[in-house]
Amino acid sequence: DVKVTQSSRYLVKRTGEKVFLECVQDMDHENMFWYRQDPGLGLRLIYFSYDVKMKEKGDIPEGYSVSREKKERFSLILESASTNQTSMYLCASSNRGRADTQYFGPGTRLTVL
Amino acid sequence: QKEVEQNSGPLSVPEGAIASLNCTYSDRGSQSFFWYRQYSGKSPELIMFIYSNGDKEDGRFTAQLNKASQYVSLLIRDSQPSDSATYLCAVNRYSSASKIIFGSGTRLSIRP
């Protein structure tokens, strides 16, 4: 069965803290994605990775960085968390090629105080 | 203009009726079109994808694509209370086949 897992369901951090969100998939997918989801704004792509050590900016990369050292793992890093980064963060993975089905993790609800 | 537009709803449909969800997109080069369902507090899950003009049926769900009009729709026949959810339309970007853009979703409520 397809599985994407995220390190935390809920996370509370303080302004200025460094935050790591981890995502692991067990489907041997090439592509991995980080989105944030906010009411009325839908899912917005932060970063995308199509291979190990490869990354591409999405629509809203400011304030975020990513790391993909292994195929199955894709990390999202908030270097200095701010209150406007309070959101639901969703990780997804898919096969390479014409846009394929994306499988989502359960999400991490991050609150920055 | 948003790249993928959906009416936010809520769309209220009586149980047993047909629910019709609509989506328009702006990139004429888009090739792949998806409908995801998202229950409250859960992550999106794929219901259907469609690549060619016309209709594609899967059980109670039918996806319809009209590339000339840049229009995608999802029909849900014999609507059930369990169909109450937010439905996200997603479209790939011509410039990057693997990336898809999501609409902000239509909230569907099936009333018994």
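Just so you know, these numbers come straight off a predicted model, no measurement behind them.

**A word on the state of the cysteines**
- Inspection of the entire model under this criterion finds 2 disulfides over all chains.
- Covalent S-S linkage joins C23 of chain A and C91 of chain A, the inter-sulfur distance amounting to 1.9 Å. Here C23 of chain A and C91 of chain A share a disulfide; its torsion about the S-S bond, -75°, makes the bridge left-handed. Residue C23 of chain A is located in strand β3 (residues 19–25), and its partner C91 of chain A is located in strand β9 (residues 87–94); the two are separated by 68 residues in the primary sequence. The pair formed by C23 of chain A and C91 of chain A is uniform in burial state, with each residue classed as buried.
- Paired by a disulfide, C23 of chain B and C89 of chain B hold their sulfur atoms 2.0 Å apart. In this structure the cystine formed by C23 of chain B and C89 of chain B twists about its S-S bond by roughly -70°; its chirality is therefore left-handed. One end of the pair, C23 of chain B, is in strand β3 (residues 19–25); the other, C89 of chain B, is in strand β9 (residues 85–93), with 66 residues separating them in the sequence. Assigned by exposure class, C23 of chain B and C89 of chain B land together as buried.

**Here we look at the pattern of salt bridges**
- Following the criterion strictly, the structure yields 9 salt bridges over all chains and no others.
- Residue K53 of chain A is joined to E69 of chain A by a salt bridge in which the shortest nitrogen-to-oxygen separation is 2.4 Å. Of this pair, K53 of chain A sits in the loop between β5 (42–51) and β6 (54–57) while E69 of chain A sits in strand β7 (residues 64–70), and the two are 16 residues apart along the sequence. One exposure class covers both K53 of chain A and E69 of chain A, and it is exposed.
- The partner of D83 of chain B in a salt bridge is R60 of chain B, and the shortest N-O contact between them spans 2.9 Å. Taken together, the residues D83 of chain B in the loop between β8 (71–76) and β9 and R60 of chain B in the loop between β6 (54–58) and β7 (61–66) connect sequence positions 23 residues apart.
- The partly exposed category is assigned to R60 of chain B, whose relative accessible area is 26%.
- It is possible to trace a salt-bridge network through shared partners that takes in R36, D38 and R44 of chain A.

**Quick notes on the sheet that holds β6 of chain B**
Residues and elements named next belong to chain B.
- An order of β1-β3-β8-β7-β6 is seen for the 5 strands of this open sheet, with the pairing classed as antiparallel. With partners counted over all chains shown, the strands left at the sheet margins are β1 (4–5) and β6, one partner each.
- As defined by bridge partners, β1 adjoins β3 across 2 bridges and the pair is classed as antiparallel. Its bridge partner being in β3, E5 is matched across the sheet by T24.

**Topic: the interface of chain B and chain A**
- Opposite the 23 residues of chain B that make contact, chain A presents 25 residues.
- Buried area between chain B and chain A, both sides added, is near 1,800 Å², and the carbon and sulfur share of it is 52%.
- Put simply, chain B and chain A have 0 salt bridges between them.
- Taken together, the connections running from chain B to chain A amount to 3 residue pairs in polar contact (both at pLDDT 80 or more).
- Taken together, the elements giving at least two residues each to the side of chain B that touches chain A come down to β4 (33–38), β5 (45–50), β9 and β10 (96–102) of chain B.
- For the side of chain B that touches chain A, the leading source of residues is β10 of chain B, giving 7 residues.
- In the side of chain B that touches chain A, the residues fall into 11 nonpolar, 9 polar and 3 charged.

About the thresholds
Residues numbered from 1 in each chain as written. Chains lettered and ligands numbered in written order. Predicted model: local features only at pLDDT ≥ 70, side-chain atom pairs only at ≥ 80, totals over all residues. Heavy atoms only, no water. Disulfide = S-S within 2.5 Å. Helix = DSSP H or I, 4+ residues; strand = E, 2+ residues; numbered from the N terminus. Buried < 20%, exposed > 50% of the residue type's maximum accessible area, 1.4 Å probe, protein only. Salt bridge = Lys/Arg side-chain N within 4 Å of Asp/Glu carboxyl O. Pairing = 2+ DSSP bridges. Contact = heavy atoms within 4.5 Å. Buried area = accessible area lost by both parts, 1.4 Å probe. Polar contact = N/O pair within 3.5 Å; in protein donor to acceptor, adjacent residues only side chain to side chain. Nonpolar A, V, L, I, M, F, W, Y, C, P; charged D, E, K, R; others polar.

Function cannot be inferred from these measures alone, as they are strictly geometric.
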